[in-house]
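# Working through the structure, step by step
So the chains spell out like this:
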Amino acid sequence: MSDLKQFTEEVREFLKDALTPELRRAGQLCAGIYADKPVALEWHQILYKQGWITPTWPLEYGGTGWSLEQLGIFERELTLASAPPLTPNATRMVGPVVIAFGTDEQKEQYLPRIRSGEDWWAQGYSEPGAGSDLASLQCKAERDGDHYVINGSKIWTTHAHFSNKIFCLVRTDNSGKPQQGITFLLFDLDTPGIDIQPLISISGDHELNQVFFDNVRVPISSLLGEENDGWTVAKYLLQHERGGRYATRLGVKLDQLKTFTAQEPDGQGVALAQNTDYARKLAQAGIQLEVLGAFEQKLFSALSAGETTGSLSSMLKVRGTELRQLVTELTIEAAAYYGLPYQPEALAYGSNVSAIGPDDMLTAMPQYLNDRAASIYAGSNEIQRNIMAKAVLGL
Ligand SMILES: Cc1cc2nc3c(=O)[nH]c(=O)nc-3n(C[C@H](O)[C@H](O)[C@H](O)COP(=O)(O)OP(=O)(O)OC[C@H]3O[C@@H](n4cnc5c(N)ncnc54)[C@H](O)[C@@H]3O)c2cc1C
């Protein structure tokens, strides 16, 4: 048996026992981008005990040393087994920046707790007046002795209500260009003066929040990197946020949709998957996913070789989210009127309420609605196109 086959067997064997039926069901029914904390933490800790929670980290910090092929296999097997999708805030975002920019003390303080799941992180970048134009952010931090005093607010802060930590961009100087004078801080969300308010999305989920800071005092040891040079840290982190990892998950979803539509009548005498128009759309989505998968491999190679990936991650962000939305649109078309009933009880973790309509289509509408945001978050697709226009086309 080849090494990769053996590795695949090892992952499958692990998932067979570790992923309980409840966790699989929670993974199948996850309508949001990531599983809510109770489910996510349970799964996170299982992967942690196995030593597989941060496979892409350098070995000395708890990575697995897997090759790109092994990482791809791991990702695919998790998706095939319906493992709950885990938020990247800690393991794929703040973790890599602490490794790249943190002092030895910060690495010791944060990395083990990210891996164990003891700390749950939120991302404090966007503000009501600073999203696409992130550099115009105004949430202010002023030095007062050995503390920063923070005032202002952050918005669209995913899972802040589940988190005990936040990594936050704050303005420490207003005198230069907007990109200068930004500082990257790491601190506790239970610090006095922080107020987290929910924002309920169109799908009815509570994933997002606005976080208010009123004279919040955090120690200067919260600083990651240099004061006023947080933009460098922020950009490094965004590369990880915008990276690939769409193709595998979407490929599995498309396969599931093909299986479902192979049995679903189109109303004109054939199965939906055989309907000429629908079959063409399925085939086009499949081809585009193949291309995306190849680009993702290119991004992973560059990242693992320590290269900056620049506009490649923008390219993948645009194509990945467009295809994500396309797959949800094809799913809604297949669900037809079964997409309409609002069924939060059937979707709840541990629920025994059965679905109205086919079980496979229970998440069709919430996922469709939730994924409208995919072309906005992590930097809107229009902004990614601007980046590509400048960097690739020189416009
Ligand atoms: C589901 C979700 C989760 C999120 N999670 C987080 C989080 O955890 N932490 C966090 O910090 N942020 C988070 N965000 C915020 C996200 O990063 C911003 O929404 C995004 O950067 C866009 O900013 P904005 O909402 O202020 O829109 P705006 O910047 O006001 O843009 C509005 C529209 O104008 C377009 N536009 C703006 N400027 C230009 C331009 N120069 N050229 C062309 N078009 C332009 C945009 O593309 C967009 O369509 C999240 C957002 C969503 C939707």
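Residues numbered from 1 in each chain as written. Predicted model: local features only at pLDDT ≥ 70, side-chain atom pairs only at ≥ 80, totals over all residues.

## A look at the pairing of strand β6 (residues 194-200)
The side chains of a regular strand alternate between the sheet's two faces. Note the threshold: When DSSP finds two or more bridges between two strands, those strands count as paired. Here a helix means four or more residues in a row that DSSP labels H or I, a strand means two or more in a row labelled E, and each is numbered from the N terminus.
As defined by bridge partners, β6 adjoins strand β7 (residues 206-219) across seven bridges and the pair is classed as antiparallel. Opposite P198, over in β7, you have N209 as the bridge partner. Turn length for the β6-β7 hairpin, with the two strands adjacent in sequence and antiparallel, is five residues, and the turn residue G204 shows positive phi of about 90°.

## Focus: the site of the ligand
Put simply, the test is: We call a residue near a molecule or strand if the C-beta atom, set from the backbone, is within 6 Å of it. In this count, Pro and Cys sit with the nonpolar residues alongside Ala, Val, Leu, Ile, Met, Phe, Trp and Tyr, while Asp, Glu, Lys and Arg are called charged and the others, Gly among them, polar.
Neighbouring the ligand are 18 residues, the closest being Y125, G131, S132, W156 and S380. Of all the secondary structure elements, the ones that give two or more residues to the shell around the ligand are β1 (121-124) and α13 (381-391). The element that contributes the greatest number of residues to the shell around the ligand is α13, accounting for three residues. For the shell around the ligand, the class distribution of residues is seven nonpolar, 10 polar and one charged.

## Re the packing of helix α8 (residues 247-261) against helix α9 (residues 276-304)
To be explicit about the condition: Axis geometry follows a simple rule: fit a line to the C-alpha atoms, using only the stretch in contact for helices, then measure angles between N-to-C directions, giving values from 0 to 180 degrees. Each angle gets one of four labels, with under 35 degrees taken as roughly parallel, over 145 as roughly antiparallel, 65 to 115 as roughly perpendicular, and the rest as oblique. Should the near helix be turned counterclockwise from the far one by less than a right angle, the crossing is left-handed, whereas a clockwise turn marks it as right-handed. Any residue pair is listed as a contact if its two C-beta atoms, each placed from the backbone, are within 7 Å.
At a closest axis distance of 9 Å, the pairing of α8 and α9 adopts a crossing angle of 160°. Taken together, α8 and α9 sit at an angle that is classed as roughly antiparallel. By crossing handedness, the relation of α8 to α9 is classed as left-handed. Side by side, α8 and α9 meet where A247, L250, G251, L254, K258 and T261 of the first sit next to Y278, L282, A285, G286, L289, L292, G293 and E296 of the second. Split by residue class, the contact of α8 with α9 holds eight nonpolar, four polar and two charged.

## Regarding the pairing of β1
Rules: Every C-beta atom is placed from the backbone, and the number of other C-beta atoms within 10 Å of a residue's own sets its class: buried at 20 or more, exposed at 12 or fewer, partly exposed in between.
Burial along β1 is two-sided: the residues W121 and Q123 and A122 and G124 are all buried. Note that β1 and strand β4 (residues 165-171) share four bridges and pair parallel. Residue pairing in the sheet places G124 in a bridge with C168 of β4.

## Describing the domain arrangement of the protein
The criterion, for reference: Residue ranges assigned to each domain were obtained from an automatic or database domain assignment.
Each domain of the protein was delimited in the assignment, giving domain 1 (3-86), domain 2 (121-229) and domain 3 (243-391). Listed per partner, the contact involves 14 residues of domain 1 and 16 residues of domain 3. Listed by contribution, the elements that provide at least two residues to the side of domain 1 that touches domain 3 are α2 (21-28), α3 (37-50) and α4 (68-80). The dominant element in the side of domain 1 that touches domain 3, judged by the number of residues it contributes, is α4, at six residues. For the side of domain 1 that touches domain 3, the residue count by class is eight nonpolar, three polar and three charged.

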